[in-house]
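Single-letter residue listing:
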Amino acid sequence: MTRKRTGRWSARGGLRGWGGVTGMAVACAVTASLTLLPLSHGGADAFGGDASGPGTAQAVQTRADDCTDPEASLPPKSDSGPNIEKIRQRGKLIAGVDQNSFSWGYRNPAADKGKDKLEGFDIDLVRAIAENILGDRDAVIYRAIPTNQRIAALENDKVDVVVRTMTINCSRLKQVSFSTAYFQAGQQVLAPKDSTITGFDKSLTGKRVCTAEGSTAYEALEKQSFGAVFKDPHDGTEADEDRLTVPNQLDCLVRLQLGEVDAIVTDNALAAGQAAQDPAVELKDDKPFTTEYYGVATKRGANDLVARVNQVLVDYRKGGANSRWMQSYRNWLEDGLPGISAPPAPKYRSN
């Protein structure tokens, strides 16, 4: 049975307001700066649902190197392989996650069980992968990874998977492999409610905009900035508090709350969690100005693991409104991102 987040996270009211959220954000940002920090294990209720899921999988005629459709991944399989066997021999899945993105991957000091339990939509998916491969949803070693080190963690074999609101795109497919999409998101502007900024438009002219290093938000601003100031000089003259590109997305929220930047460009899925914590900020515009899909990332060429994760996602989507995906969505994301009735349908490569 799923427990509603608003009922469980009763301490959230104590964090509302600029001061409370700033304190939480600063603490989380400092912790997250410790690269690949092992995190504690945390359990959550198992989900139900086993009927057929929404949407129809699409087969795309393409080669992986062509990247005409980056969301097309390998067909799902339950077979083993070298990467699966390595995880089994270790007895633990090593997952790169976030620990400071509210509702996605964060430490909840008011958790029902234990102290500082790691929770969120991404964490539920990590546990489903561990349960499939190892038969134990808690057989996970969590490692907190800054936004700008997700790819490096995979390339250097520090983690088996990265489940950290990571957008699938052609550029990243040159460095890592991805599962099918498990969430649809998009870039949006987060700013104080009383700001003159109205969205991703000319109201950004001359404004200081913060993004995370290695994020698709930064790439979006490179393509069209509307005169916003978003690049650091990289000449050693700027102080830490003047930086506009930061290791973690939450660092941007700290700067916004302290008045060091005027706005943030980030995934609406992440920004919604921040807006839910602080009544002084809001998402600008009615909808995102890009369409992006999150995927589970693995080391490039880890095909057995990618296919296995895709099988996990097949099972995770099954059951319609009672699927594990929908139950996790209702538990963590529905308050901030209402109106989602189904996960994105998977796309598969045919060769």
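Structural notes, computed from the coordinates. The structure displayed is predicted, hence computed values, not measured ones.

### Looking at the pairing of strand 11 (residues 187-192)
Then comes step 1: Burial of strand 11 is extensive: six of the six residues sit out of reach of the surface.
Then comes step 2: Where strand 11 meets strand 14 (residues 263-267), four bridges bridge the pair, whose relative direction is antiparallel. For valine 189, the partnering residue across the bridge sits in strand 14 and is valine 265.
Then comes step 3: Relative to strand 15 (residues 281-284), strand 11 runs antiparallel, the two being bridged by four bridges. From the neighbouring strand, leucine 190 faces strand 15, where its bridge partner is leucine 283.

### Examining the sheet that holds strand 5 (residues 100-101)
Then comes step 1: Taken together, three strands build an open sheet; the order of strands is 5-6-7 and the sheet is antiparallel. Both outer strands of the open sheet, strand 5 and strand 7 (117-119), are each paired with one neighbouring strand and no more.
Then comes step 2: Judged from the two bridges that link them, strand 5 and strand 6 (residues 105-108) form a sheet pairing that is antiparallel. In the sheet register, asparagine 100 faces strand 6, and the bridge partner there is tyrosine 106.

### Regarding the packing of helix 4 (residues 121-134) against helix 10 (residues 303-317)
Then comes step 1: Interhelical geometry of helix 4 versus helix 10 gives an angle of 110° and a closest axis separation of 10 Å. When the axis of helix 4 is compared with that of helix 10, the two are roughly perpendicular. For the pair helix 4 and helix 10, the sense of crossing is right-handed. Across the interface between the two elements, Asp124, Leu125, Ala128, Ile129, Asn132 and Ile133 from helix 4 touch Leu305, Arg308, Val309, Val312, Leu313, Asp315 and Tyr316 from helix 10.
Then comes step 2: Each residue belonging to the contact of helix 4 with helix 10 can be placed in one class, and the counts come to nine nonpolar, one polar and three charged.

### Considering unusual backbone geometry
Then comes step 1: If you check the backbone angles, aspartate 157 has positive phi at about 60° while not being a glycine.
Then comes step 2: Of note, aspartate 157 is situated in the loop between helix 5 (150-155) and strand 9 (161-162).
Then comes step 3: Note on aspartate 157: relative accessible area 46%, which makes it partly exposed.
Then comes step 4: Residues other than glycine seldom take positive phi values, yet phenylalanine 226 does so here, at roughly 55°.
Then comes step 5: Along the polypeptide, phenylalanine 226 turns up in the loop between helix 7 (216-223) and strand 13 (245-246).

### Looking at the state of the cysteines
Then comes step 1: Under the counting rule described, the total for this entry stands at two disulfides.
Then comes step 2: For cysteine 67, the disulfide goes to cysteine 170, at an S-S distance of 2.1 Å. Torsion about the S-S bond of the cysteine 67 and cysteine 170 cystine: about -100°, corresponding to left-handed handedness. Note that cysteine 67 is positioned in the loop between strand 2 (58-60) and strand 3 (72-73) and cysteine 170 in helix 6 (residues 170-173), a separation of 103 residues in sequence.
Then comes step 3: Cysteine 67 gets classed as buried once you look at its relative accessible area, which sits at 18%.
Then comes step 4: Here cysteine 210 engages in a disulfide with cysteine 252; their sulfurs sit 2.1 Å apart.

Parameters at a glance
Residues numbered from 1 in each chain as written. Predicted model: local features only at pLDDT ≥ 70, side-chain atom pairs only at ≥ 80, totals over all residues. Heavy atoms only, no water. Buried < 20%, exposed > 50% of the residue type's maximum accessible area, 1.4 Å probe, protein only. Helix = DSSP H or I, 4+ residues; strand = E, 2+ residues; numbered from the N terminus. Pairing = 2+ DSSP bridges. Axes fitted to C-alpha atoms, helices over the stretch in contact; angles between N-to-C directions. Parallel < 35°, antiparallel > 145°, perpendicular 65-115°, else oblique. Left-handed = near helix turned anticlockwise from the far one by under 90°. Contact = heavy atoms within 4.5 Å. Nonpolar A, V, L, I, M, F, W, Y, C, P; charged D, E, K, R; others polar. Disulfide = S-S within 2.5 Å.

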